[in-house]
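Residue strings, one per chain:
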Amino acid sequence: MPVATLLPFTATPNRKSASPTSFRLTEKFILLLVFSAFITLCFGAIFFLPDSSKLLSGVFFRSSAVETNTRTGLDSGDFPSAGSDHRVLAKIKKDHEKALLEAKDTLQKRPEDIKQDILIEKEKVAKEVVINKGGGDANNLPFFEFHRPPGATGHEPVDPEARDRRAKVKEMMKHAWDNYRRYAWGSNELRPVSKQGHSSNLFGSIKGATIVDALDTLYIMEMYEEFDAATDWVEKNLDFNVNAEVSVFEVNIRFVGGLLSAYYLSGKDVFRRKAVELGEKLLPAFKTPTGIPWALLNLKSGIGRNWPWASGGSSILAEFGTLHLEFMHLSRLSGNPEFAQKVMNIRKVLNRLDKPQGLYPNYLNPNSGQWGQHHVSVGGLGDSFYEYLLKAWLMSDKTDEEGKKMYYDALEAIETNLIRKSSSGLTYIAEWKGGLLEHKMGHLTCFAGGMIALGADGAPSDKMGHQMEEAAEIARTCHESYTRTALKLGPEAFRFDGGVEAIATRQNEKYFILRPEVIETYMYMWRFTHDPKYREWGWEAVQALEEHCKVEGGYSGIRDVYSSSPNHDDVQQSFYLAETLKYLYLLFSDDDHLPFEHWVFNTEAHLLPVFKQDKTDRPNEVE
């Protein structure tokens, strides 16, 4: 039996006896609870009635306030007046209505509007990140609101012939891409004759060079299904955690450049994360006494070295001088200033050195900080160093005065010491070896026509016309190197000696590996002059590529352009999709497609936006 039942009811002497009119304690509690609920309900209802502030102030507060003042004899200033009560309640009502309107507005917003509001809030937080915080996990980068500069894709050309020719170039891109995807998917490059994958030791065991190189070309040609397939591969398969030695230069211009370009075109953050991840893996290459990076780097161990053939262990001008554009963007996108600091230090080293005749030799020892062999070339070993000086100035929205001065000083030295005319009047850029000229010009050197045209606008007014004329003459010489072959495709190098002009005389210079440099100059010259001959010359190249390089499995290089029956080298270079076909496509596009005031091309033709100084048009920066 429970203990409570053992106690008699009369155990409490003072307990009142029950009566019909009295309530037990429990009943009183229940009534109090009901009454409280009723009062709460009344007050709550009053707040939601129309013009509730008048009702509240008149019925409850005004009468009680007057009564209190009369009863106590206090001055009315000691208590809120009726008007004051009214104002308080009006404010409550206003705040309440505002909250209801905001809630209603939020519910009515489209999902993309809500997403944009979230982005704005995230951007506010991101702007509190100090850019010199430095480093960090590439998967945990600061937030950047994506802004795509104008002209990522262009309108159909107005001219019907240009429209048809551009469509043909897109068809060529589809043939090259579809066969790579069919026979070599995931490999670095395609062997189009044997229909299998091909890997170069330039990339170590990193895979997918053609995929990354082709991303921006696919996008600007509006081949979105192919772009999405490439994006999916990058997200799932592109891996830099490899125990392998890579070319810092090649991996930078193709992989870092390709990923950055794909990010700026599409806004897909996977490309930004991958670019920064790879950039961080390349930073150990700069661990030298001077900060001039090694040419080769093991991505796992961080151990670097130079090419064994490069002038006593020297680094190469075109390689360490072709990091600036990508590394400046890596700093902007990661919030890590180290990328920019590394490439700016390269300039400091170069500016401390004496230049023979104002020229930059191709070899620099990263340990001593002194020039190696005095060999100067605007082609192989030197070319893109000069290109990046000019484009660094353009990419900075023409605020990088150091880059500008270095470029125009170097160009003046090149004009004085290297640019020559043949007996028949062809302008060419020779190579300089310890003061002696070698009258040879490489296919790689043919990019210089476009570079000089691109920079002419920034030259002193008395030199602008001269530089445009010079660019046009170089373009004509490079065109001649094409027309003087049996296949109408240019050799790797051509000479101006021994009674020949613009012709390769050595067997190891007669090959053509689908290079873009001549087409690149045609594109720039067309943009700046609109002289129809540049489109005609480009169309000649298209026809030659189709006739002699196209095979069932893609496009192949040729071993001898002077032979009437081409012998294919069985390699579809990744830069054929990144550069050659892209420049041809733009040659037949209108000028609103990738306008130069908003975009620069890295040396692999990957697109990087100009850092506009106007804050309303500044791409992806942290303040």
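What you see is a predicted model, and the numbers here were worked out from it, not measured in a lab.

Engineer: Hey, could you go over the overall build of the protein chain for me, with residue numbers and the actual values?
Structural biologist: Across its full length, the protein chain carries 19 helices and 18 strands. Sorting the 623 residues of the protein chain into buried and exposed places 52% on the buried side. Looking at the protein chain alone, contacts between residues at least 24 apart form 69% of all its contacts between residues at least 6 apart.

Engineer: I'd love a proper account of the confidence of the model for the protein chain, names of residues and values included.
Structural biologist: Taken as a whole, the protein chain shows an average pLDDT of 84; of its residues, 76% reach a score of 70 or greater. Here residues 1-23 scores under 50 on pLDDT; set against residues more than four positions off or in separate chains, the count is 4 contacts. Low pLDDT, under 50, characterises residues 106-116; the stretch is placed with 4 contacts to residues that sit more than four places away or in other chains.

Engineer: Explain the environment of Phe-385 residue by residue, including any values.
Structural biologist: Residue placement: Phe-385 occurs in helix H13 (residues 383-395). What makes Phe-385 buried here is its relative accessible area of 3%. Taking the C-alpha atoms as reference points, Phe-385 and Phe-320, separated by 65 residues in sequence, lie 7.9 Å from one another. Apart from the residues within four sequence positions on either side, Phe-385 is in contact with Leu-317, Ala-318, Gly-321, Thr-322, Leu-350 and Tyr-360.

Engineer: Summarise the sheet that holds strand E3 (residues 245-247); cite the residues concerned and give the values.
Structural biologist: The pairing of strands in a sheet comes from backbone hydrogen bonds and takes either a parallel or an antiparallel form. In spatial order, the strands read E3-E4-E5; together these 3 strands make up an open sheet with antiparallel pairing. Every interior strand has two partners, whereas the edge strands, E3 and strand E5 (304-305), have only one. Bridge analysis of E3 against strand E4 (residues 296-298) gives 3 bridges, and the strand direction is antiparallel. The residue bridging Ser-247 from the neighbouring strand is Leu-296, located in E4. Contacting E3 and E4, helix H8 (residues 248-266) crosses the sheet at an angle of about 65 degrees to E3.

Engineer: Could you give an account of the pattern of salt bridges, with specific residues and numbers?
Structural biologist: Two side chains that carry opposite charge are able to pair once their charged atoms sit near each other. Here the structure, examined in full by the defined rule, presents 34 salt bridges. Note that Arg-254 and Glu-189 form a salt bridge whose closest N and O atoms lie 3.7 Å from each other. Of the two residues, Arg-254 sits in helix H8 while Glu-189 sits in strand E1 (residues 189-191), which places them 65 residues apart along the sequence. There is no split in this pair, since Arg-254 and Glu-189 are both buried. In this structure, Asp-457 and Lys-398 form a salt bridge, with 3.4 Å as the shortest nitrogen-oxygen distance.

Engineer: Give a detailed account of helix H14 (residues 401-417), specifying residues and quantitative values.
Structural biologist: For H14, which comprises 17 residues, the first-to-last C-alpha distance of 24 Å matches the rise-based estimate of 24 Å (1.5 Å per residue) to within 8%. Three or more residues of H14 are buried, namely Gly-403, Met-406, Tyr-407, Tyr-408, Ala-410, Leu-411, Ala-413, Ile-414, Glu-415 and Asn-417.

Engineer: Describe unusual backbone geometry, naming the residues involved and giving the relevant values.
Structural biologist: Trans peptide bonds make up most of the peptide bonds, and negative phi angles are found at most residues other than glycine. The backbone of Lys-195 sits at a positive phi, close to 55 degrees, despite the residue not being glycine. Structurally, the position occupied by Lys-195 is in the loop between E1 and strand E2 (196-198). For Lys-195, a relative accessible area of 28% translates into the label partly exposed. Phi at Gln-357 is positive, roughly 60 degrees, even though this residue is not glycine. Given a relative accessible area of 55%, Gln-357 falls into the exposed group.

Engineer: Describe the nonpolar core, listing the residues and the values that go with them.
Structural biologist: Counting 155 residues, the largest nonpolar core has Ile-206, Phe-255 and Phe-601 as its most contacted members. Sorting elements by how many residues they give to this core places H8 first, with 12 residues. Sequence-distant contacts of Phe-601, that is, excluding residues within four places in its chain, are made with Leu-325, Glu-387, Lys-391, Met-523, Tyr-524, Lys-582, Tyr-583, Leu-586, Leu-594, Phe-596, His-606 and Leu-607. Membership of the second largest hydrophobic core comes to 6 residues, among which are Leu-296, Trp-307, Ala-310 and Ile-316.

Engineer: So what about the packing of helix H16 (residues 461-483) against helix H18 (residues 532-549)? Which residues, and what values?
Structural biologist: Closest axis-to-axis distance for the H16/H18 pair is 12 Å, and the angle between their directions is 25 degrees. When the axes of H16 and H18 are compared, the pair comes out roughly parallel. H18 is crossed by H16, and the crossing has left-handed handedness. Of H18, the residues touching H16 (which contributes Ala-472, Ala-475, Arg-476, His-479 and Thr-483) are Tyr-534, Trp-537 and Glu-540.

Engineer: How would you sum up the sheet that holds strand E11 (residues 431-433)? Please name residues and give values.
Structural biologist: The strand order across the open sheet built from 3 strands is E8-E11-E12, with neighbouring strands paired in antiparallel fashion. Of all the strands in the sheet, just strand E8 (375-376) and strand E12 (436-438) have a single pairing partner and so form its edges. Taken together, the 3 bridges between E11 and E12 define a ladder with antiparallel strand orientation. Across the sheet, residue Lys-433 finds its bridge partner in E12, namely Leu-436.

Engineer: Account for the side chain of Ser-266, with residues named and values stated.
Structural biologist: Counting through the fold element by element, Ser-266 comes out in helix H8. Here the side chain of Ser-266 touches Ala-262 through a polar contact of 2.7 Å, landing on its backbone oxygen.

What counts and what doesn't
- Residues numbered from 1 in each chain as written.
- Predicted model: local features only at pLDDT ≥ 70, side-chain atom pairs only at ≥ 80, totals over all residues.
- Heavy atoms only, no water.
- Helix = DSSP H or I, 4+ residues; strand = E, 2+ residues; numbered from the N terminus.
- Buried < 20%, exposed > 50% of the residue type's maximum accessible area, 1.4 Å probe, protein only.
- Contact = heavy atoms within 4.5 Å.
- pLDDT = per-residue confidence, 0-100.
- Pairing = 2+ DSSP bridges.
- Axes fitted to C-alpha atoms, helices over the stretch in contact; angles between N-to-C directions.
- Salt bridge = Lys/Arg side-chain N within 4 Å of Asp/Glu carboxyl O.
- Expected span 1.5 Å × (residues − 1).
- Core = buried A, V, L, I, M, F, W, Y, C linked by side-chain atoms within 4.5 Å.
- Parallel < 35°, antiparallel > 145°, perpendicular 65-115°, else oblique.
- Left-handed = near helix turned anticlockwise from the far one by under 90°.
- Polar contact = N/O pair within 3.5 Å; in protein donor to acceptor, adjacent residues only side chain to side chain.

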